[in-house]
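Summary of structural features
The residues making up each chain are set out below.
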Amino acid sequence: MKNKMKQNLSDNDLQKIFSSNKLGNVLESKQLSGGEFNTVYKVVTDNGVYVIKIAPSKDVSVLTYEQNIAASEQFALENLCNNSFAKVPKVIASSSDSADKYNYLIIEFVEGEMLLGQNLNKDEYNAVMFDLGKAVAEFHNTECDLGFGYLQNGLKPTWKDAYFDMINNIIKDGKKVRCKIPCFDEIMNLIDRCSYVLDEVKTPSILHFDLWQGNIFVKDGKLSSIIDFERTILGDPVGDFIHLDYIAPFDMNENKSLLDGYNSVAKNKLSFNKNELIRFYLMRLYLGLIVCVETYYRMPRFSKQFFGKKAFAKKVLSSAIHELNKLMEEE
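Residues numbered from 1 in each chain as written. Predicted model: local features only at pLDDT ≥ 70, side-chain atom pairs only at ≥ 80, totals over all residues. Heavy atoms only, no water.

1. Thoughts on the environment of L80
- Tracing the sequence through the fold places L80 in helix α2 (residues 69-80).
- Setting aside residues no more than four positions away along its own chain, L80 makes contact with V88, F139, T142, I206 and F229. (Helix = DSSP H or I, 4+ residues; strand = E, 2+ residues; numbered from the N terminus. Contact = heavy atoms within 4.5 Å.)

Written as structure tokens, this is what we have:
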């Protein structure tokens, strides 16, 4: 099924890009699967091995936060590339001229296999999670006082301002394509009731905000690298914990190794007390809204994938609503 976002580049297109950046002659190229936004190629030249990410064409409609996310990913990679616990790809080159035919980012190729589908025993998996926690904590420790939210949409002075801006933008994006958001009134009421906890976030952390197992790489049974920073947000650190399970309640025991690793390095430790859990589910709510709305931008209407993503978005939203209601009922 065709994805509206993807662009197919010829070998000649790739050669022009790599020649313009003095990266040698293209010997081999392979389009990589996975992901729904950028088109990604592994490219071998006589100078080295690279990955090039090509944004959708300029005439394709994208979500507000997706506008020029290549620059946002470049910012994250350049600030986080010296991580002590996991390899983060280095930026090699990027398109900088608005007249360029393609908006692209060239990064180094990193070795490893996706954590997704790896046959690790319990001890190996816990070790990977512990090291992942340390790597994420080091992301969050990186000093960044520019403001909150998305770089490409204009940063805000507080996390509450940024969160409401993000929510309003995704709702506006939905209205443009007549997306019906499930439980819309309940979602907005919950956000208003819970928003007081957002004031607890005083310093922006650089969030990966897409730490599912497809973006976590292992090699020889150990954490090796973390890729795909295109959804980077400057905001609440709990937002980087929502992607390992999009639906189930947050379980301290299930995530013990991850949290132990995180708190062994983090300047600001997390205990996932009531308020941190409320912030966690507010971020899950936001992600659910993204999944709900982006379906209309990326998938052909009434396709199997379209209905599948809509159903998944409803599950993510429903789980966040349920958990937030439980927490708000507690005395």
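2. Here's the deal with empty space enclosed by the protein
- What the rule picks out here adds up to two cavities of 30 Å³ or more.
- In this structure, the largest cavity spans a volume of roughly 60 Å³.
- Along the lines of polarity and charge, the residues of the lining of the largest cavity split into six nonpolar, no polar and one charged.
- Estimated volume of the second largest cavity: approximately 40 Å³. (1 Å grid on protein atoms, 1.4 Å probe; cavity = no way out; pocket = protein on both sides within 12 Å on 5 of 7 lines; lining within 4 Å. Points joined across faces, edges and corners; volume = space filled by probe spheres on them. Nonpolar A, V, L, I, M, F, W, Y, C, P; charged D, E, K, R; others polar.)

3. Things to note about the layout of surface pockets
- A volume near 1200 Å³ is recorded for the largest pocket.
- Among the elements of the structure, β1 (26-31), β2 (39-45), β3 (48-54), β5 (104-108), β6 (113-114), α7 (274-298) and α8 (304-329) are those that each provide at least two residues to the lining of the largest pocket.
- Here the lining of the largest pocket gets four residues from one element, more than from any other, and that element is α7.

4. Focus: the side chain of N83
- In this fold, N83 is placed in the loop between α2 and β4 (91-94).
- The class for N83 is buried, based on a relative accessible area of 11%.
- Within the local environment of N83, its side chain forms a polar contact with the backbone nitrogen of A86, the two atoms lying 3.1 Å apart.
- Setting aside chain neighbours within four positions, we find N83 in contact with V88, A135, E138 and F139. (Buried < 20%, exposed > 50% of the residue type's maximum accessible area, 1.4 Å probe, protein only. Polar contact = N/O pair within 3.5 Å; in protein donor to acceptor, adjacent residues only side chain to side chain.)

5. Details of unusual backbone geometry
- One non-glycine residue, C183, adopts positive backbone phi at about 55°.
- The topology assignment puts C183 in the loop between α4 (159-176) and α5 (184-194).
- Looking at C183, the relative accessible area reads 40%, which means it is partly exposed.
- Within the chain, D228 stands out as a residue other than glycine whose phi angle is a positive 60°.
- Within the secondary structure, D228 sits in the loop between β9 (222-226) and β10 (233-235).

6. Considering the sheet that holds β9
- Strand order in the open sheet made by the three strands is β6-β8-β9, with antiparallel pairing throughout. Edge positions in the sheet fall to β6 and β9, since each has one partner strand and no second.
- Across two bridges, the pairing between β6 and strand β8 (residues 216-219) is antiparallel. Across the sheet, residue M114 finds its bridge partner in β8, namely F217.
- Its contacts with the sheet place helix α3 (residues 122-141) against β8 and β9, and it is angled at close to 35° to β9. (Pairing = 2+ DSSP bridges. Axes fitted to C-alpha atoms, helices over the stretch in contact; angles between N-to-C directions.)

7. Comments concerning the side chain of H243
- Turning to its location among the elements, H243 is positioned in the loop between β10 and α6 (256-263).
- Residue H243 is classed as buried on the basis of its relative accessible area, which comes to 2%.
- Among the polar contacts made by the side chain of H243, one reaches the main-chain carbonyl oxygen of F209 at a distance of 3.0 Å.
- The residues contacting H243, other than those within four sequence positions of it, are F209, D210, L211, W212 and L287.

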